[in-house]
Amino acid sequence: HVSFDGQVKIIASKDAKEFKEIATISASGKDLRDPKILNVGSLLYIYAGAVDEKDTQRRDTEAKLYTSSDGKNWEEQKVTGLYPGSWLWFVHYDGKQFYGSAYCRAEGDEASRATLYKSKDGMNWEAFFSIPVKASNEVALDTGTNGELYALVRQEISPNHPLLLIIEDPVNKP
């Protein structure tokens, strides 16, 4: 995390020994951070946090989404419904619905709070749960066999222990 020239490089191999670059994803004036990839049906989704190159404190981020049907040609999609300045840190797809975790640290790490979102298409998000942990940020998500949502929460202040939250029915949670 020392430069402001973050790009996403897509490399491919036929034998898992020799790789070649087949695509580069970049955003003018933005530093793309911590990309995550999902394979959903016939589309690949790459989510990344984008920080303006002038924002040396990395406080104001936006979520970027790029999709591709072949891994070579990527198209940016509009992401809506997140709180302004939120970093869409993690996205999980359970076969029916997307779940995302995002946080905003515009007022510093100790003031950050993570929020869970859901989406039918991975682009238009709806907040449904605010993580009840002070200074929460990066949250990994997974779903269980009975539809429950697991959220492993990172906390930036002492005691800095990860916390596991279980939401039994996230689909019907308002």
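The rules we used
- Residues numbered from 1 in each chain as written.
- Predicted model: local features only at pLDDT ≥ 70, side-chain atom pairs only at ≥ 80, totals over all residues.
- Heavy atoms only, no water.
- Helix = DSSP H or I, 4+ residues; strand = E, 2+ residues; numbered from the N terminus.
- Pairing = 2+ DSSP bridges.
- Axes fitted to C-alpha atoms, helices over the stretch in contact; angles between N-to-C directions.
- Buried < 20%, exposed > 50% of the residue type's maximum accessible area, 1.4 Å probe, protein only.
- Core = buried A, V, L, I, M, F, W, Y, C linked by side-chain atoms within 4.5 Å.
- Contact = heavy atoms within 4.5 Å.
- Salt bridge = Lys/Arg side-chain N within 4 Å of Asp/Glu carboxyl O.

**Some details on unusual backbone geometry**
Then, number 1: Residue Pro159 is bonded to the preceding Ser158 through a cis peptide linkage, with omega at 15°.
Then, number 2: Counting through the fold element by element, Pro159 comes out in the loop between strand S12 (149-155) and strand S13 (163-167).
Then, number 3: Although it is not a glycine, Asp34 adopts a positive phi angle of roughly 45°.
Then, number 4: Mapped onto the elements, Asp34 comes out in strand S3 (residues 30-40).
Then, number 5: If you check the backbone angles, Asn160 has positive phi at about 60° while not being a glycine.

**Observations regarding the sheet that holds strand S6 (residues 75-77)**
Then, number 1: The four strands are arranged S3-S4-S5-S6 in an open sheet whose pairing can be described as antiparallel. Two strands in the sheet have a free side with no partner beyond their single neighbour: S3 and S6. Looking at each pair of strands side by side, their axes are set apart by 30° on average, direction ignored.
Then, number 2: Of the strand pairs in this sheet, strand S4 (residues 43-52) and strand S5 (residues 61-68) are connected by eight bridges, and their pairing is antiparallel. Directly across from Tyr47, in S5, lies its bridge partner Leu65.

**Some remarks on the environment of Pro132**
Then, number 1: Structurally, Pro132 is set in the loop between strand S10 (126-130) and strand S11 (136-143).
Then, number 2: Residue Pro132 is classed as exposed on the basis of its relative accessible area, which comes to 58%.
Then, number 3: The spatial distance from the C-alpha of Pro132 to the C-alpha of Ala114 is 8.4 Å, given a sequence separation of 18 residues.

**A look at the nonpolar core**
Then, number 1: Leu116, Phe128, Ile131, Val139, Leu141, Leu149 and Ala151 are the most contacted members of the largest nonpolar core, which totals 17 residues.
Then, number 2: Every element with two or more residues in this core is listed here: strand S7 (87-93), strand S8 (98-104), strand S9 (113-119), S11, S12 and S13.
Then, number 3: Take this core: its biggest share by element is three residues, from S12.
Then, number 4: The contact partners of Leu149, leaving out residues within four places of it in the chain, are Tyr99, Leu116, Phe128, Leu141, Asp142, Thr143, Leu165, Ile166, Ile167 and Pro170.

**Looking at the pattern of salt bridges**
Then, number 1: In total, this model carries seven salt bridges according to the counting rule given.
Then, number 2: Residues Glu62 and Lys30 are paired through a salt bridge, measuring 2.9 Å at the closest nitrogen-oxygen approach. Placement of the pair is Glu62 in strand S5 and Lys30 in strand S3, with a sequence separation of 32 residues.
Then, number 3: In this structure Glu62 comes out as partly exposed when scored by relative accessible area, which is 30%.

Taken by themselves, the reported measurements are silent on function.
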